[in-house]
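# Descriptive analysis of the structure
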Amino acid sequence: MNKIRIRLTLIFIMLIGFSLIAAGLYMGGLMKDSHLNALREGMVREAEIILATMDWQTEGTEEDLMNYFDIKAKKLKNPSNTRITFIRQDGKVLGDSAAEPRQMDNHAGREEVIDAAAKGVGYSLRHSVTVDSNLLYAAVPVRQDHVLVGFLRLAVSLEAVETNTNKLWSGLIISLVVLLLLAGVVSYRMAYGLTRPLEQIANVAYQITHMNYKSRVQLNSKDEIGQLGFAINTMADSLQFQMNRIQEEESRLKNVLDNMINGVLMIDSGSRIVLMNRAAEDFLGFSLKELQGKRFDEAKQQYEFTHIIQQCIEQKQHIREEVTFYFPEERTLEINLVPIFHVNGDWTGIVIVLHDISAIRRLERMRSEFVANVSHELRTPIAAVKGFAETLLAGAIDDREVAVPFLQIIHDESDRLNRLIGDILELSKIESKRVPLYFSPIHMQSFVSKTIEMMNAEASSRKISLDPQVDGRIYIEGDEDRLRQIFINLLANGINYTPVGGSIKVKVETLEKVSDGMENAEEMIRITIKDTGIGIPKKDLPRIFERFYRVDKARSRVSGGTGLGLSIVKHLVELHKGSIRVESLVGTGTSFIIDLPVFHK
Ligand code: ADP
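Residues numbered from 1 in each chain as written. Predicted model: local features only at pLDDT ≥ 70, side-chain atom pairs only at ≥ 80, totals over all residues. Heavy atoms only, no water.

## Comments concerning the overall build of the chain
Our working definition: In DSSP terms, a helix is any run of H or I states spanning at least four residues, a strand is any run of E spanning at least two, and both are numbered starting from the N terminus. We take the radius of gyration over the C-alpha atoms and set the globule estimate at 2.2 Å times the residue count to the 0.38 power. Note on classification: 1.4 Å probe, protein chains only; a residue is buried when its accessible area is under 20% of the maximum for its type, exposed when over 50%, partly exposed between these limits. Two residues form a contact once any of their heavy atoms are found within 4.5 Å. Surface exposure here means Shrake-Rupley accessible area, sampled with a 1.4 Å probe, where a residue is shielded only by the protein chains that are shown. Counting rule for charge: Lys and Arg are taken as positive, Asp and Glu as negative, and neither His nor the chain ends is counted. For the purpose of locating charges, the reference atoms are NZ of Lys, CZ of Arg, CG of Asp and CD of Glu.
In terms of helices and strands, the chain carries 14 helices and 17 strands. Taking 2.2 N^0.38 as the reference for a compact globule, 601 residues should give roughly 25 Å; the C-alpha atoms of the chain span a radius of gyration of 65 Å, well beyond that estimate. For the C-alpha atoms alone, the extent of the chain along its principal axes is close to 210 × 60 × 40 Å. Relative to its full complement of 601 residues, the chain shows a buried share of 38%. The contacts of the chain with a sequence gap of at least 6 include a subset with a gap of at least 24, amounting to 57%. Total accessible area on the chain stands at roughly 35300 Å², and carbon and sulfur atoms take up 57% of it. Separation of charge centres in the chain, based on 72 positive and 78 negative side chains, amounts to 3 Å.

## Description of the site of the ligand
Under the convention used in this document: Whether a residue is near a molecule or strand depends on its heavy atoms: it is near if one of them lies within 4 Å of it. Any pair of nitrogen or oxygen atoms within 3.5 Å is treated as a polar contact; in protein, a donor-acceptor pairing is required on top of that, and neighbouring residues in sequence qualify only through side-chain atoms on both sides. Classification convention: Asp, Glu, Lys, Arg as charged; Ala, Val, Leu, Ile, Met, Phe, Trp, Tyr, Cys, Pro as nonpolar; all other residues, Gly among them, as polar.
The environment of the ligand is formed by 18 residues, the closest being Asn 493, Asp 531, Ser 556, Thr 562 and Leu 566. Take Tyr 497: an N or O atom from its side chain is 3.2 Å from an oxygen atom of the ligand. At 2.9 Å from an oxygen atom of the ligand is found a main-chain nitrogen or oxygen belonging to Gly 563. The fraction of the free accessible surface of the ligand (520 Å²) that becomes covered by protein chains is 97%. When residues of the shell around the ligand are traced back to their parent elements, those giving at least two are helix 14 (565-575) and strand 17 (589-597). For the shell around the ligand, the per-class residue count stands at 8 nonpolar, 8 polar and 2 charged.

## Quick notes on helix 4 (residues 159-209)
Applicable threshold: To estimate how far a helix should reach, multiply one less than its number of residues by 1.5 Å. We define the bend at each residue as the angle formed by axes fitted to the 7 residues ending at it and the 7 residues starting at it.
For helix 4, spanning 51 residues, the distance from its first C-alpha to its last is 70 Å, which sits close to the expected 75 Å at 1.5 Å a residue. Along helix 4, the helix axis deviates most sharply at Thr 195, where the bend reaches about 30°; the proline Pro 197 sits within four residues downstream.

## Some words on a nonpolar patch on the surface
Going by this rule: Each patch groups residues whose relative accessible area exceeds 30% and which form no salt bridge, using 9 Å between like charges and 5 Å between nonpolar side chains of Val, Leu, Ile, Met, Phe, Trp and Tyr. We define a salt bridge as a side-chain nitrogen of Lys or Arg found within 4 Å of a carboxyl oxygen belonging to Asp or Glu.
Taken together, Ile 174, Val 178, Leu 182, Val 186 and Met 190 make up a surface patch of nonpolar side chains, about 460 Å² in accessible area. Within the secondary structure, Val 186 is located in helix 4.

## Topic: the packing of helix 4 against helix 5 (residues 224-258)
Geometry of a packed helix pair, given as the angle between the helix axes and the separation of the axes. Filter applied, for reference: Axis definition: a line fitted to C-alpha atoms, over the contacting stretch in the case of helices. Angles run 0 to 180 degrees between N-to-C directions. Note that the term roughly parallel is reserved for angles under 35 degrees, roughly antiparallel for angles over 145, roughly perpendicular for angles of 65 to 115, and oblique for everything else.
Between helix 4 and helix 5, the shortest axis-to-axis distance is 10 Å and the interhelical angle comes to 10°. With respect to each other, helix 4 and helix 5 are oriented roughly parallel. The residues of helix 5 that touch helix 4, namely those facing Leu 194, Pro 197, Leu 198, Ile 201, Val 204 and Ile 208, are Ile 225, Leu 228, Gly 229, Ile 232, Ala 236 and Leu 239. Considered class by class, the residues forming the contact of helix 4 with helix 5 number 11 nonpolar, 1 polar and no charged.

## Examining unusual backbone geometry
Residue Pro 328 follows Phe 327 across a cis peptide bond; omega there is -5°. Of note, Pro 328 is situated in the loop between strand 8 (319-325) and strand 9 (331-341). In the Ramachandran plot, Met 211 falls in the positive-phi region, its phi being about 70° despite a non-glycine side chain. Within the element layout of this structure, Met 211 appears in the loop between helix 4 and helix 5. You can call Met 211 exposed: its relative accessible area is 61%.

## Some words on the environment of Glu 431
Tracing the chain through its elements places Glu 431 in helix 10 (residues 400-431). By relative accessible area, which is 31% here, Glu 431 ends up partly exposed. Residues Glu 431 and Trp 347, 84 residues apart in the sequence, show an inter-C-alpha distance of 49 Å. Excluding residues that lie within four positions of it along the chain, Glu 431 makes contacts with Arg 547 and His 571.

Right, here's the structure in full:
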């Protein structure tokens, strides 16, 4: 902007300077001319006066005439400081105030003399060698009875005129310089006034290109510059509006991307990673910061993953793969790679969507394992039934001593089969949430004593005491049948895995309200069923609630267990929105601890 200002100032100065110089030259010339004209007129007048006051001698010898005219010339010179020359009509100089006429050449060819003869008055401006200065000559013809007898020529030095002109010139130059200086200052001010708003506009434009969309031009003028400022402001308004919209949209998109369960990754046509959402960061164990701008094959990813990206880049076709990742944790990811094309058909990169299917795969695995387990569990009693029936058919039936225990085994095994099938059906019903719960208020004390009564026969046959410790004020909301199933399963286990003479305590108590800062913290009760049995080894504790899991298969078989009891219990507790855990010490006993909410919403 400064350059424009300086350029403008220089242009102004040059324009003003040129016009001043032109005006000066014109004025100087004019003054010099008028000076010369005045001088010429004065000289002609002086010549006329001289001629009027003198007698032009024509008679006599040339010598006489020269004497006469020369004396006259020298006499007249002093008062006017004018050089006077008397010239005969043939050009012979008769007298001269400044020189010796006898030494002077013929003046008939002098410009002023020729002009005087032709026009009545003649002027000439030239350097006189005789007096060595610039002289202005004026010659008038002298006539007697209309006959040309000579010329009177006057000459004045131009020194005075030149001095005057020089003075004028120096005056002019000084005023020109002063004027130029003034013009400079004024021009600079004007240029500043012109460029300042432009400077402001340029500054705002610069701010806008540097993303400061709030910057505005402060101009009130209505001229073109004001209009330009207004246009810039309008442009900035619309830019700001659009940028806001873009930012809003961007943050909305980012929100969507970041809160997606699926991982999203984008690779540009230069094979560089340009986008990665939070889920993708979790799945891959790298942050976008670490990978952004990197080529996908430099991103230290699992070989299989890198390979399918490469494949998608080469084939430019949708690829779907399932890959198990081992870093940062074991996961099975379904990977969809979709090439993206520009409207004009150009390939611009690929979008990769990662979907964590570990849970689905785990569930599928569990389901097939379950089916395998069920088949296996069913096969054992069926094989026993079949085997013994075959032996009986083969002839053992006739030996009563053998046949009766065999038939007993067949009976027990089919009983077990029946229980097993019953438990499997029950479990699958509970697992698939097909059992509706019927909630009603349950008075825990009478509920527990009734349940214990049902188990009493079994317990006393093994001399195991069942000992309830229930606060009589406790009521809960629950499905009584399901709750009973929980108690019976746990009590049956207790009786089964407790040696003769042991005891099982059933304790129901209210839990201290867990204060989590909320006003109505949930009211909970705790049920503890604690036996003095054989206990469960530590290594088996985490798996105890799994289907068909038994610590000691043979023992469980003898006691008629199916390995499904605890699984069913855990599901029923969870249906009641409660939790169950186990504490056990081998040889000392086992405690099952159930926490249940008092109310159900
Ligand atoms: P089961 O029908 O075999 O009892 P459960 O699912 O009820 O199956 O129990 C699984 C396994 O947990 C049992 O086989 C047993 O080894 C162990 N178990 C369960 N309850 C007790 C307990 N009170 N004391 C010791 N071991 C127990």
